[in-house]
Amino acid sequence: MRTVLTAVLAIHAAATLMMTGLVWFVHAVHYPMFPAVARAGDAHWKAYEREHVKRTGRLIPPIMLLEGASAVALPFLVTTARQTTLAWIGLALLVVVWVSTFAGAVPMHIRLASGFDASAHQRLMHWNLARALAWTARSAIAILLMPDSLGSSVADPWPIPP
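Residues numbered from 1 in each chain as written. Predicted model: local features only at pLDDT ≥ 70, side-chain atom pairs only at ≥ 80, totals over all residues. Heavy atoms only, no water.

Q: Got a minute to help me understand the overall build of the protein in this structure?
A: When helices and strands are tallied, the protein shows five helices and zero strands. Secondary structure elements in the protein, listed N-terminal to C-terminal, are α-α-α-α-α. Burial statistics for the protein: of 162 residues in total, 40% are counted as buried. In the protein, once contacts between residues fewer than 6 apart in sequence are set aside, the share between residues at least 24 apart is 77%. (Helix = DSSP H or I, 4+ residues; strand = E, 2+ residues; numbered from the N terminus. Buried < 20%, exposed > 50% of the residue type's maximum accessible area, 1.4 Å probe, protein only. Contact = heavy atoms within 4.5 Å.)

This is the structure we're talking about:
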């Protein structure tokens, strides 16, 4: 059972950390460039947005699915009260990520596909900030869960009393 838990924690941490890095890159670099791309003209903007959605659509969903599957499994695999608490908090944060993705970011990309709209862009930035903050918190949780899987030789920096 410990081997399964260690594998799931490793998959979970890798997927969560990848998504955290990606979401912050997109938030700090990619999305802020949208207005400049739009100034090049509507046809250029539409082609760019289509390509953005196509490329991210190939990369992000598989990682999010791995992260989701491992996050759902963790509360049932972990063995301590601390791990259980962290796993459930992490799963709740994943719900925030998915809701902000499918109720916020995706509809804004659909709106932007028909032409650049500064208001939709601002809303996309706000939804994406919520995702970035939730993923950052999830990364911290994934890292905090790792010492438990490595055994008692690793000190717990923030122990949760039983």
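Q: Teacher, can you tell me more about the environment of H52 here?
A: Relative to the elements of secondary structure, H52 occurs in helix α3 (residues 42-77). On a C-alpha basis, the gap between H52 and H30 in space is 9.7 Å, while along the polypeptide they are 22 residues apart. The residues contacting H52, other than those within four sequence positions of it, are H30, Y31, F34 and H109.

Q: Can you walk me through the pattern of salt bridges in this structure?
A: Pairing is possible between side chains of opposite charge, provided their charged atoms come close. Overall, the coordinates contain five salt bridges when judged by the stated rule. The salt bridge partner of K54 is E51, with a shortest N-O separation of 3.7 Å. Of this pair, K54 and E51 both sit in helix α3, three residues apart, roughly one helical turn. The class for K54 is partly exposed, based on a relative accessible area of 42%. For the salt bridge of D117 with R111, the shortest nitrogen-to-oxygen distance reads 2.7 Å. (Salt bridge = Lys/Arg side-chain N within 4 Å of Asp/Glu carboxyl O.)

Q: What am I meant to see in the environment of A15 here?
A: Within the secondary structure, A15 is located in helix α1 (residues 2-30). For the pair A15 and P62, spaced 47 residues apart in sequence, the C-alpha to C-alpha distance is 9.3 Å. Here A15 is in contact with I63, L66 and E67, once residues within four sequence places are set aside.

Q: Explanation requested: the packing of aromatic side chains in the structure shown.
A: The way to describe two aromatic rings as a pair is by their centre distance and the angle between their planes. Enumeration over the complete set of coordinates arrives at seven aromatic pairs. Plain terms: the ring middles of F34 and W45 are 5.0 Å apart, the flat faces sit at 70° to each other, and that makes the pair edge-to-face. In this pair, F34 is assigned in helix α2 (residues 34-38) and W45 in helix α3, connecting sequence segments 11 residues apart. Aromatic pair F76 and W88: ring centres 5.9 Å apart, planes at 80°, arrangement edge-to-face. Residue F76 is found in helix α3, and its partner W88 is found in helix α4 (residues 81-113); the two are separated by 12 residues along the sequence. (Phe/Tyr/Trp six-rings, centres within 6.5 Å; stacked < 30°, edge-to-face > 60°.)

Q: Just checking my understanding: could you explain the nonpolar core for this structure?
A: Most often, soluble globular proteins have nonpolar side chains that are buried together. In terms of nonpolar packing, the biggest core is built from 13 residues, with M19, M64, L94, V97 and W135 touching the most fellow members. Looking at this core, the elements that each hand over two or more residues are α1, α3, α4 and α5 (118-150). A total of four residues in this core trace back to one element, the largest contributor, which is α3. Dropping the residues within four chain positions of it, V97 is found in contact with M64, R131, A134, W135 and R138. The next biggest cluster of nonpolar side chains, apart from the first, holds 12 residues, and it includes V26, F34, V37 and W45. (Core = buried A, V, L, I, M, F, W, Y, C linked by side-chain atoms within 4.5 Å.)

Shape is all these values report; function is a separate question.
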